[in-house]
There are 4 protein chains.
Amino acid sequence: MSIFEELESEVRSYSRGWPVVFDRAQGSRLYSEDGKAYLDFFAGAGALNYGHNNPHLKKALIDYIQRDGVTHALDMYTVAKRDFLETFREKILAPRELDYKIVFPGPGGANAVEAALKLARKVTGKESVINFTNAFHGMTLGALSVTGNSMKRGAAGIPLVHATPMPYDKYFDGAMPDFMYFEKLLEDSGSGLNEPAAVIVEGVQGEGGINAARLEWLKGLDDLCKRHGILLILDDVQMGCGRTGPFFSFEDAGISPDIVCLSKSIGGYGLPMALTLIKPELDVWEPGEHNGTFRGISPAFVTATEALRVYWSDDELEKSTKAKGERIASTFKDLVESYPEANLVAKGRGLARGLEFGSGELAGAVCKAAFERGLLMETSGPDGEVMKLLPPLTLTDEELSEGLAIITESVAAVLK
Amino acid sequence: MSIFEELESEVRSYSRGWPVVFDRAQGSRLYSEDGKAYLDFFAGAGALNYGHNNPHLKKALIDYIQRDGVTHALDMYTVAKRDFLETFREKILAPRELDYKIVFPGPGGANAVEAALKLARKVTGKESVINFTNAFHGMTLGALSVTGNSMKRGAAGIPLVHATPMPYDKYFDGAMPDFMYFEKLLEDSGSGLNEPAAVIVEGVQGEGGINAARLEWLKGLDDLCKRHGILLILDDVQMGCGRTGPFFSFEDAGISPDIVCLSKSIGGYGLPMALTLIKPELDVWEPGEHNGTFRGISPAFVTATEALRVYWSDDELEKSTKAKGERIASTFKDLVESYPEANLVAKGRGLARGLEFGSGELAGAVCKAAFERGLLMETSGPDGEVMKLLPPLTLTDEELSEGLAIITESVAAVLK
Amino acid sequence: MSIFEELESEVRSYSRGWPVVFDRAQGSRLYSEDGKAYLDFFAGAGALNYGHNNPHLKKALIDYIQRDGVTHALDMYTVAKRDFLETFREKILAPRELDYKIVFPGPGGANAVEAALKLARKVTGKESVINFTNAFHGMTLGALSVTGNSMKRGAAGIPLVHATPMPYDKYFDGAMPDFMYFEKLLEDSGSGLNEPAAVIVEGVQGEGGINAARLEWLKGLDDLCKRHGILLILDDVQMGCGRTGPFFSFEDAGISPDIVCLSKSIGGYGLPMALTLIKPELDVWEPGEHNGTFRGISPAFVTATEALRVYWSDDELEKSTKAKGERIASTFKDLVESYPEANLVAKGRGLARGLEFGSGELAGAVCKAAFERGLLMETSGPDGEVMKLLPPLTLTDEELSEGLAIITESVAAVLK
Amino acid sequence: MSIFEELESEVRSYSRGWPVVFDRAQGSRLYSEDGKAYLDFFAGAGALNYGHNNPHLKKALIDYIQRDGVTHALDMYTVAKRDFLETFREKILAPRELDYKIVFPGPGGANAVEAALKLARKVTGKESVINFTNAFHGMTLGALSVTGNSMKRGAAGIPLVHATPMPYDKYFDGAMPDFMYFEKLLEDSGSGLNEPAAVIVEGVQGEGGINAARLEWLKGLDDLCKRHGILLILDDVQMGCGRTGPFFSFEDAGISPDIVCLSKSIGGYGLPMALTLIKPELDVWEPGEHNGTFRGISPAFVTATEALRVYWSDDELEKSTKAKGERIASTFKDLVESYPEANLVAKGRGLARGLEFGSGELAGAVCKAAFERGLLMETSGPDGEVMKLLPPLTLTDEELSEGLAIITESVAAVLK
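Numbering of residues starts from 1 in every chain and runs along the sequence as written. Naming scheme: in the order in which they are written, chains are lettered from A and ligands are numbered from 1. Reporting of local features is limited, given that this is a predicted model, to residues whose pLDDT is at least 70; pairs of side-chain atoms are given and counted only at 80 or more, and all residues count toward the totals for whole chains, interfaces and linings. Only hydrogens and water are set aside; all other atoms, that is, all heavy atoms of the structure, feed into the side-chain values.

Enquirer: Just to check I follow, could you spell out the confidence of the model for chain A for this structure?
Expert: The predicted structure's coordinates, where accompanied by low pLDDT, should not be read in detail. Here pLDDT means the predictor's own confidence in every residue, given as a number from 0 to 100. Taken over all residues, the pLDDT of chain A has a mean of 97, while the share at 70 or more is 100%. The ipTM for the predicted assembly is 0.98, set against a pTM of 0.97.

Enquirer: Could you clarify how one ought to interpret the environment of B:Asp99 in this entry?
Expert: All names here are of chain B. Each helix corresponds to a stretch of at least 4 residues labelled H or I by DSSP, and each strand to a stretch of at least 2 residues labelled E; elements are numbered beginning at the N terminus. By secondary structure assignment, the location of Asp99 is in the loop between helix H5 (79–93) and strand E5 (101–103). It is 9.8 Å that separates the C-alpha atoms of Asp99 and Asp258, two residues lying 159 residues apart in sequence. Setting aside anything within four residues of it in sequence, one finds Asp99 in contact with Ile278, Lys279 and Pro280. Contacts were defined at the residue level, with two residues in contact if any of their heavy atoms lie within 4.5 Å.

Enquirer: How should I be thinking about the pairing of strand E3 (residues 37–40) of chain B in this particular structure?
Expert: If a strand is regular, its side chains alternate between the two faces of the sheet. Residue and element names in this part refer to chain B. Pairing between strand E2 (residues 29–32) and E3: three bridges, direction antiparallel. By the bridge assignment, Leu30 is partnered in E3 with Tyr38. Linkage of E2 to E3, two consecutive antiparallel strands, is achieved through a turn of four residues, within which Gly35 is found at a positive phi near 90°. A pair of strands is labelled paired if DSSP reports no fewer than 2 bridges between them.

Enquirer: What is the right way to look at the sheet that holds strand E16 (residues 375–376) of chain C in this model?
Expert: Spatial ordering of the open sheet is given by E16(C)-E3(C)-E2(C)-E1(C)-E4(D), a layout of five strands whose pairing is mixed. Two strands bound the open sheet, and with one partner strand each, they are E16 of chain C together with strand E4 (77–78) of chain D.

Enquirer: Explain the sheet that holds strand E17 (residues 378–380) of chain D here, please?
Expert: Each strand in a sheet pairs with its neighbour through backbone hydrogen bonds, running either in the same direction (parallel) or in the opposite one (antiparallel). All names here are of chain D. Taken together, four strands build an open sheet; the order of strands is E14-E15-E18-E17 and the sheet is antiparallel. Two strands lie at the open edges of the sheet, namely strand E14 (345–349) and E17, each paired on one side alone. The mean angle between the axes of side-by-side strands here comes to 30°, regardless of whether they run parallel or antiparallel. Direction of pairing for strand E15 (residues 352–356) relative to strand E18 (residues 386–389): antiparallel, over a ladder of four bridges. Axis angles are defined between N-to-C directions and span 0 to 180 degrees, where every axis is a line fitted to C-alpha atoms and, for a helix, only to the segment in contact.

Enquirer: Where do I start with the state of the cysteines in this structure?
Expert: Chemically, a disulfide is nothing more than a covalent bond linking the sulfur atoms of two cysteines. Residues and elements named next belong to chain C. A pair of sulfur atoms, both from cysteines and within 2.5 Å, is called a disulfide here. Enumeration over the complete set of coordinates arrives at zero disulfides over all chains. Cys225 carries a free sulfur, and the closest cysteine sulfur to it, the one in Cys261, is 14 Å from it. Using a relative accessible area of 1% as the deciding quantity, one classes Cys225 as buried. No disulfide involves Cys241; its nearest neighbouring cysteine sulfur is the one of Cys261, lying 12 Å away. The exposure class of Cys241 is buried, given its relative accessible area of 1%. Type-normalised accessible area, obtained with a 1.4 Å probe on protein chains alone, sets the label of each residue: buried when under 20%, exposed when over 50%, and partly exposed for intermediate values.

Enquirer: Teacher, can you tell me more about the interface of chain D and chain C here?
Expert: Much of the literature gives interface size as the accessible area that the parts lose upon coming together. Between chain D and chain C, the residue contacts involve 104 residues of the former and 104 residues of the latter. Summed over both partners, the interface of chain D with chain C buries about 9,700 Å², with 62% contributed by carbon and sulfur atoms. The buried area of a pairing is the accessible area, by a 1.4 Å probe, that goes missing from both parts when the two are put together, added over both. On the chain D side of the interface with chain C, the three residues burying the most area are D:Leu7, D:Val11 and D:Tyr77, jointly 9% of the side's total. By convention in these notes, a salt bridge is any Lys or Arg side-chain nitrogen within 4 Å of a carboxyl oxygen on Asp or Glu. Across the pair C:Lys81 and D:Glu8 runs a salt bridge whose closest N-O atoms are separated by 2.9 Å. Under the rule applied, a polar contact is a pair of N or O atoms within 3.5 Å (in protein, one hydrogen donor and one hydrogen acceptor; residues adjacent in sequence only if both atoms are side-chain atoms). At the boundary of chain D and chain C, one finds 50 residue pairs in polar contact (both at pLDDT 80 or more).

Enquirer: What am I meant to see in the relation of the copies chain D and chain C here?
Expert: In this arrangement, two copies of a chain are superimposed by a rotation about an axis accompanied by a shift along the axis. Only residues with pLDDT of at least 70 in both copies count here: their C-alpha atoms drive the least-squares fit that superposes the copies. Superposing chain D onto chain C takes a rotation of 180° plus a shift of 0.0 Å along the axis, which leaves an RMSD of 0.0 Å. The superposition of one copy onto the other is thereby described by a two-fold rotation axis. Within chain D, D:Leu141 has its C-alpha nearest the rotation axis, a separation of 2.7 Å. Interface overlap between copies is the fraction of interface residues in one copy that are interface residues in the other; for chain D against chain C it reaches 100%, indicating a shared surface.

Enquirer: Even after reading the chapter, I still don't get helix H13 (residues 360–372) of chain A, so can you show me in this structure?
Expert: Since the α-helix packs 3.6 residues into each turn, any two residues three or four apart lie on the same face. All names here are of chain A. Taking 1.5 Å per residue, 13 residues should reach 18 Å; H13 reaches 18 Å between its end C-alpha atoms and fits that length. Restricting attention to buried positions, one finds in H13 the residues Gly360, Ala363, Val366, Cys367, Ala369, Ala370 and Phe371. Structurally, H13 contributes buried residues whose contacts are with helix H2 (14–17), strand E3 (37–40), strand E15 (375–376), strand E16 (378–380), strand E17 (386–389) and helix H14 (397–415). Where H13 begins, the capping side chain belongs to Ser359, and its oxygen is found 3.3 Å from the backbone nitrogen of Glu361. Gly374 lies just past H13 and shows a positive phi near 90°. Expected helix span is given by 1.5 Å per residue-to-residue step, counting one fewer step than there are residues.

Here it is in structure tokens:
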């Protein structure tokens, strides 16, 4: 029995599907301690958009550590934070004409979401929040209350309240006009729906099954929120930082949400970091009203800054992400057509792609077959029925070809 | 107007008391970009027990990064995690005969607390939790609900429920026998107190004003919990990792809580990391029932492991911490006696020390005077009335002398 | 300024629309102290199905009081309660082959609902309840949480949680298949809907605007609850006791809900009384686990018993109610056709009838015009847009004609 | 098996201790159907302060019914309500210089409490309420949340939140200064106590074990509330209407609470009726914001009015109640002294009296022995350890002697 089995809680999960001990990683590959290479189409669940140990970032990181740059600084002013703020404004906010103030809410995505919910409630004086079917926003109590998965919700041990789920885009395959239900409840003073402080939504639902909302649906949601005076929180923790092509998943929808949550790949190198972007008029907190120990991890600021400089000074990464996404879509189309009886469904946008199988068992079997062939992928969706691809955005065309070939083989091995 | 003021939310706080831009740090000193050195008696709010950029840890960290050790691994098996688990067992658990399984709950202390609360509720099937007056456990919704500070609670924007505060040790200066109120409510089936799943407590309350519970009080609490079948959660996020002398703040009380929360200094170098230690019989979660993106940050495992090896292979650090703590206590005793009319109160244990003034204004003025003299300290307590000392445990005797001299001067400057 | 205005809270409402002081009442008529008669199409909001001071019941009541029958008996055994129980079994339960045990939950409808919700949660161990758009179940905290009206909900002063509204029948005018949304959320483990203990529904929504669910919709709801192991609570407080024709509003749907709430007209004479009928397997409470002072008001048992004997020994009242309801429907049809531009909508079943106007102002104006002509009616619906008819079931054909003539005149006065 | 056992829920309780079928009642006596007389020291749990079927009230009631006075009127203006309002002002409010507006909150005590809590929260914008150990306020969700009994709380099926219990008077037998704990929590901004909208308290706790708060404690509580801007709700449902001597249980404490709840004996004859008295400045509800079907039961207004005229035009009843209470106290003193080893404790004020035994079994056995001797009494307290006397205030001296003799005998039968 290994030390992991002896000492680590049974709650661990990824190690069950990939029962090897990883040691090193570079770019799109992870290496187990026996030297075997794995092509990584998982990318830290979206935290490694620029690949493992990206050399640009690695250099900046080592330089910073070697020169004894301050590591841990809470919300003190630091050179590293200033560089990040300036670069984020120059590379991200200014070109997109986005006017946000930045909260450093704590180290992870759940902190970004908790800060967003707290602020929306404080600003509006309302408690209720609208979330969407199959949403995933995190495991802390506030974030969990707006998350859909029933197993994860059950772990709270208390009734999760103050959130009402509405149907995400395509939930009824078009049988119901967009927002018909939601807006009727809002307009009917007898509906029994508590007036919401905010709506929280993902541009593409990753954990929920790679459900990509249509851009017009996102635009419609933004319009609805404006009509009813509801704050729109866009959780871009997994789908931001270029995952769907543009830096923010909502850019092509032409909207600017009131609050945006970023984490995962914002730090660039896999180090914990998170941002809550807020419209200036929402900046109502007193000093220290929300705080936390790990809000100012300078090494993450350094790699974050370098990532913005290297990858977001032009639109090459965005174009490449879209092009590679289309390649995956094309392979998925072939698979869908090759196995008509399997009723496969191709899903996603940019380099967030999913292939839905008839069951979690099938999708799991394909991921297992891929692992045996040296490819890492996980499943998502309420029953794990979606094979989920989140490769590094920086993977090469050859790596993409290699991965798609393994996928094609693995699907064949399971479905044939 | 600086980029910080333009772009960062008004919620920032430390930068207001220390309006300089820090750049580098080493050991017990931070350096602003203009080269000025500051002696640090704050230590990242307890996240830097081994000082800034500790050379032992720095070396291990750079080695790991340079050899492309995997950085971000969620809960996959890694060499870095194995090293940490083995070392934590060897250096910490085994010598203390503590039998815990380890949950990696997410990157920060609030994640450790959220996991503890969720698990305690799931195991017991009860919702209610007992917390203590002036407790601080974090800013996410679950952690905030057991935190005392009314400003921070108010930021939740929803009523915080499921927690009932009980008086912490010495809350009534001995006017009330320990636990008299708490136990009467538990024993009286008509008391109206919801039967609690758990009690959550800090060994020493840092944010609450450096309130050090007597060891016999902690032992009494443990006994009470056992008598009534209540789980005891010890939040050692700030006071663990040697802050009070021993590795855990509760060791000298002779208890072994059901759940222990660690974060802040566990990573050693200021990188985000957290642990929730649970008695093996509480390990009831299904795989993935609690998860999170930043649970496996290998660079933090590497520095955590090195810190355990360097500082916890013998009892030197523990002895040194206690000795230095006594030096502070002695200086504080002199100050108390020097200013009888000020009714100063000396508080704390180990290198968690506080000097209580008659008001937050006075304590703040002393901290300001110290900053002007090159010393960083913050205030704590409900009204900020306590000058709080959390120096690195690794500070030298000379640095301690230097700091205490500045403090003596600063108190004089304010009180005279 | 009258004593009412001086001493009674501003929360009073009916007195505002009918600013006269009533003194006596008989059958379908109320008399103000100056002797003016008012035809009553309001019937105590459904509490006076057998008319004011019904002579059969009055005789039994006076006999009981005169012979010093015990008045107030909590849940002691009394002759009056035994008579009621035997008669309720003989006249109501047995002929309908309904197998219920009876909880006397307290004096009013809200008590019946509170008891139902408490019991459903205890039996299932779940907290969440599904209610419907525009539901009305009462003003106490539990009942209010499943009520739709936003003004009344707002009066709670705390967030109302644990209930999620679903669309009542015809909420989308058929644009959405029945229960499509509800059942999808139940079947999708990622939907974010807390698993419900129970569904609470009215057979016809009175306060919500005289919305009469189709019988097949009620049957469909019952089927859905059975498929998903959800308890069905039928709140027949206003629509039971023959209001829609049969004794229970759900009889013609061919269902037997798990829990049925009765109040208002069950006492017969307008004295407070309520019942919660529960399937025998739900009878799990310990003695005294739910109680209350006014559970055994014998005068109400006496009039309740007499009402069952006089009116429910045969099907004459049921037939008469349906026939009179059709007469109202016919008049409403004429009105709808007479004012095509007004888009009137006729609603209801049995002697629960509504005429929907384009606005609350119009419906209110018609009720005002009717009051001036000696007819009492109130409005209902989220915006008060429905003129609501709940005449005594015992009104004569002549009284019905008289009332309908006044209505026709009043509509004309407003719309022309 | 009787119809009661077949058809009535197992939740019934009083019938278990008194397994006879009652039929008639007069004054202080109940009669079972076989003609046996029982002396009633229970008085409908305090709802029959003027005895069963009091002849003065009976006459007024029959007159009203016979002349077809309106029975059920919601909140319409009626002659019966006007008479009640005028009489209540003249006999109760004016002589005591109390300035209240009256809410008719629904038929029972729980409605009065629910209205009080809703209003206090709306007025203050705060959610939290302070209740007391061993409080009893009712069985609906809001009232239950401020009730102490754990069995009754458990029946809610959801976590009861928004209330924090504080120690009632003498809870620690003087070991702790009054309000020390409560006020410290209020004054400490870090205590974790949610700022309360209101305190809800009984002048004497009936169900909680006949705990009579000292008048100076009540005064101290009132002072504390005023100091901290907290509304004081006095629940006089059981202890009002002269039960402790004066009309209100709080009169002799010299306070005028912000909100007062009345029910039980306010109707006089045992018919459901309740009042929520509110300071004029709290009268902020919109028309209809709180409502209910059984707010205007005129027969109860008629008997209530007659009771006020007959019993509250002078201070005879008050004096008699106090004198009779002293007689009970004297007998209890004898019993305490006669059975020193039993550690009996005499409790109460006016005609709310209790004798505490060492256990619920003993107290129950004495009540059983008394029942066998023709006397009705119930137990109260968290473990049923208190023999509870609530005789009609109108009982004669002979009846009191008779009852006390039975009690003395019954105690002897059990303790000897």
